[in-house]
Amino acid sequence: MAAPCYLGWDFSTQQLKVIAIDEQLRVIYEDNVHFDKDLPEFKTQGGVYIHSDRLSVTSPVLMWVKALDMILEKMKSSGFNFSQVRAMSGAGQQHGSVYWKKGSIQILKNASSELPLHQSLKGCFSVSDSPIWMDSSTASQCRALEKALGGAQHLANVTGSRAYERFTGNQIAKIYSQNPEVYKQTERISLVSSFAASLFLGAYAPIDYSDGSGMNLLQIWEKAWSKPCLDACAPGLEERLGCPVPSHSVLGPISPYYSQRYGFSPDCKIVAFTGDNPASLAGMRLQEGDIAISLGTSDTLFLWIQEPTPALEGHILCNPVDSQTYMALLCFKNGSLMRERIRDECASGSWDEFSKALSSTVAGNSGNLVPRTRILATGGASHNKKILQCFFPQVLSDVFNAPVFTIDTANSACLGSAYRAIHGLVAERNVSLADVVKLAPEPRLAVTPTPGAEELYRPLLKRYAELEQKVIYNPASSCLVK
Ligand code: XUL
């Protein structure tokens, strides 16, 4: 009998990735499908369509299904032994939503193993272009939701965040208000994560608590939908969302489609999929007191937190690996775009030049601060590995006055999903994720703070915060401040 293995998927903005790990947590297989390059027929840029208003951003849902067909075929032709997979889980870009047309559940359940899945599912979506996290077209829906809930802070107290344009409740409210007929034809609304799990389950997969916290709809303390939020967004929403579940839940066995077409064992378990940032928290094996910073299409900073106090900035999500605790998240939607612009304007478009310029600059940058000139509404291309490997850790270490450890973060959501697949099988027996992953390689100490950095950066941090406020509320303000 083949040695057991576990799969982790990541349905991210620009690509679909998969990792297989064995029982010793060693990566034994990795693959990806790049949407722009491998599926050019969809004509996406960076995996998305930016619409003419520059605010609406969507991705074609069938592209994600076709990417899954393609990656499974790639695995098959490389001789991957599907029968050894005991369990899988996955991650999806957060906040994005998928709209299943009435009757689709039957098609999903009975898809013929003779056909690639995208052929069977092509008529299943009432909205063919799914709104995603880069969308910022729902300002009026956000205002309405905050008003209905008695203000931004009150909404944050209930759901973990004030109203954000990319958050799913506001996206659903927009679809309902602009096209009530389409909404009426929709029997189920999934997040990208629960949509992906549904493809494997052959049934509608529930939304997990952690990714569900990115919707402005879930009461993060009670872990149940908030009726006032649902009512403020669209009628009949609760039945379209299904019941949320703990992130470690085993949802059921894989659909017979995959056993017949690829040779998966019918016993292979599907563990609830979650958001990419929650999955990265698992992949980076975050513990209380750690701060993780991930440079992806968006830059995010997150931490494990016991007793959060929701604020008007940032987000509190249910913790994906421990349902008693929480995770705090900050997301900079324009992170890589901004870095690339500075690279292009100041370093002839070369990361090496950028790196040289940065390392020749004294810590503290002689008191100069460069705030964003404006908040850009779209994300950039995929992040540059060099930033993480070469100079970024030192800057972080100096600014935060803390040692910085690195792991190969490029695939942390995928790896975290594979860890979560193993965890899902034992979580009911009160085994923690930390126990499950203790064999995994330790993060590597990259750098410690430069002596004197704290004295330099402490006053600058305060000024930075003040400048950021100024720039957020006055986008036209100047860009170099001394
Ligand atoms: C988090 C967010 C992004 C996406 C990117 O709130 O919007 O990090 O999850 O995939």
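Residues numbered from 1 in each chain as written. Predicted model: local features only at pLDDT ≥ 70, side-chain atom pairs only at ≥ 80, totals over all residues. Heavy atoms only, no water.

A word on the overall build of the chain
In plain terms, the rule: Note on conventions: DSSP H or I runs of at least 4 residues are helices, E runs of at least 2 residues are strands, and numbering of each starts at the N terminus. For a compact globule the rule gives 2.2 Å times the number of residues to the power 0.38, and the radius of gyration it is set against comes from C-alpha atoms. Throughout, exposure labels follow a simple rule: accessible area from a 1.4 Å probe, protein chains only, divided by the maximum for the residue type, with under 20% read as buried, over 50% as exposed, and the rest as partly exposed. Whether two residues are in contact is decided by their heavy atoms: any pair within 4.5 Å suffices. In this description, accessible areas are obtained by the Shrake-Rupley approach with a 1.4 Å probe, and a residue is regarded as covered only by the protein chains that are shown. Neither His nor the chain ends is counted toward charge; the positive residues are Lys and Arg and the negative residues Asp and Glu. For charged residues, the charge sits on one atom: NZ in Lys, CZ in Arg, CG in Asp, CD in Glu.
When helices and strands are tallied, the chain shows 20 helices and 20 strands. Its C-alpha atoms give the chain a radius of gyration of 22 Å, within 12% of the compact-globule value 23 Å for 482 residues. Buried positions account for 56% of the 482 residues belonging to the chain. Long-range pairs, those at least 24 residues apart, make up 71% of the contacts in the chain with a sequence separation of at least 6. Of the accessible surface of the chain, which amounts to about 20,500 Å², a share of 54% is contributed by carbon and sulfur atoms. Looking at the chain, you have 44 positive and 46 negative side-chain charges, and the mean spots of the two groups are 4 Å apart.

Thoughts on the domain arrangement of the chain
As a reminder, the rule being used: Domain start and end points were adopted from an automatic or database domain assignment. Two parts placed together each lose some accessible area under a 1.4 Å probe, and the buried area is that loss summed for both. N or O atoms within 3.5 Å of each other form a polar contact, as long as, within protein, one can give a hydrogen and the other can take it, and as long as residues adjacent in sequence are counted only when both atoms are side-chain atoms.
As far as domains go, the chain holds domain 1 (5–277) and domain 2 (280–477). If you average the C-alpha positions of domain 1 and of domain 2, the two centres end up 24 Å apart. Tallying the contact residues gives 58 residues for domain 1 and 50 residues for domain 2. Summing both partners gives a buried area of about 4,100 Å² for domain 1 against domain 2, and 62% of it is carried by carbon and sulfur. Taken as a group, Leu25, His248 and Asn277 account for 18% of the area that domain 1 buries against domain 2, more than any other trio of residues on that side. At the boundary of domain 1 with domain 2, the tally comes to 21 residue pairs in polar contact (both at pLDDT 80 or more). Mapped by element, the contributors of at least two residues to the side of domain 1 that touches domain 2 are strand S1 (5–11), strand S2 (15–22), strand S3 (27–34), strand S6 (85–92), helix H6 (152–159), helix H10 (209–212), strand S13 (269–271) and helix H14 (276–283).

Comments concerning the site of the ligand
What counts is decided by this rule: Any residue with at least one heavy atom within 4 Å of a molecule or strand is counted as near it. Three categories are distinguished: nonpolar for Ala, Val, Leu, Ile, Met, Phe, Trp, Tyr, Cys and Pro, charged for Asp, Glu, Lys and Arg, and polar for the others, with Gly belonging to the last.
Every residue near the ligand is listed here: Thr13, Gln93, Gln94, His95, Trp133, Arg166, Asp276, Asn277, Ser298, Thr300, Leu329 and Cys331. The contact in question runs from an oxygen atom of the ligand to an N or O atom on the side chain of Asp276, over 2.4 Å. When the ligand sits alone it has 290 Å² of accessible area, and the protein chains cover 97% of it. When contributions to the shell around the ligand are tallied by element, the ones reaching two or more residues are H14 and strand S18 (326–332). Its residues assigned to classes, the shell around the ligand shows 3 nonpolar, 7 polar and 2 charged. Counting contributing residues per domain, the shell around the ligand is built from domain 1 (5–277) and domain 2 (280–477), each supplying no fewer than three.

A word on the sheet that holds strand S16 (residues 299–305)
Defined as follows: When DSSP finds two or more bridges between a pair of strands, those strands are recorded as paired. Axis lines are fitted to C-alpha atoms, over the contacting stretch for helices. Their N-to-C directions set the angle, which ranges from 0 to 180 degrees.
Overall, antiparallel pairing links the 4 strands, which are arranged S15-S16-S18-S17 in an open sheet. The sheet is open, and its two borders are formed by strand S15 (291–295) and strand S17 (315–318), each paired with just one other strand. The mean inter-strand angle of the sheet, taken between neighbouring strand axes irrespective of direction, is 25°. Sheet strands in contact with H14 are S16, S17 and S18, and its direction is about 60° off that of S16.

A short note on the pattern of salt bridges
Put simply, the test is: Salt bridges are identified by distance alone: a Lys or Arg side-chain nitrogen within 4 Å of an Asp or Glu carboxyl oxygen.
Tallied over the entire structure, the rule returns 14 salt bridges. Between Asp22 and Arg26 there is a salt bridge whose closest N-O contact spans 2.9 Å.

Quick look at the nonpolar core
The line we're drawing: What we call a nonpolar core is a set of buried Ala, Val, Leu, Ile, Met, Phe, Trp, Tyr and Cys residues that are connected through their side-chain atoms within 4.5 Å.
Formed by 55 residues in total, the largest nonpolar core has its most connected members in Trp9, Tyr258 and Phe264. Among the elements of the structure, S1, S2, S3, helix H2 (61–77), S6, strand S7 (97–101), helix H9 (192–201) and helix H13 (256–262) are those that each provide at least two residues to this core. When residues of this core are assigned to their parent elements, the largest contribution, 9 residues, is made by H2. Sequence-distant contacts of Phe264, that is, excluding residues within four places in its chain, are made with Leu7, Leu72, Phe82, Ser83, Val85, Met88, Ile254, Tyr258 and Ser259. Ranked by size, the runner-up nonpolar core spans 32 residues in total, among them Tyr99, Val158, Ala173 and Tyr326.

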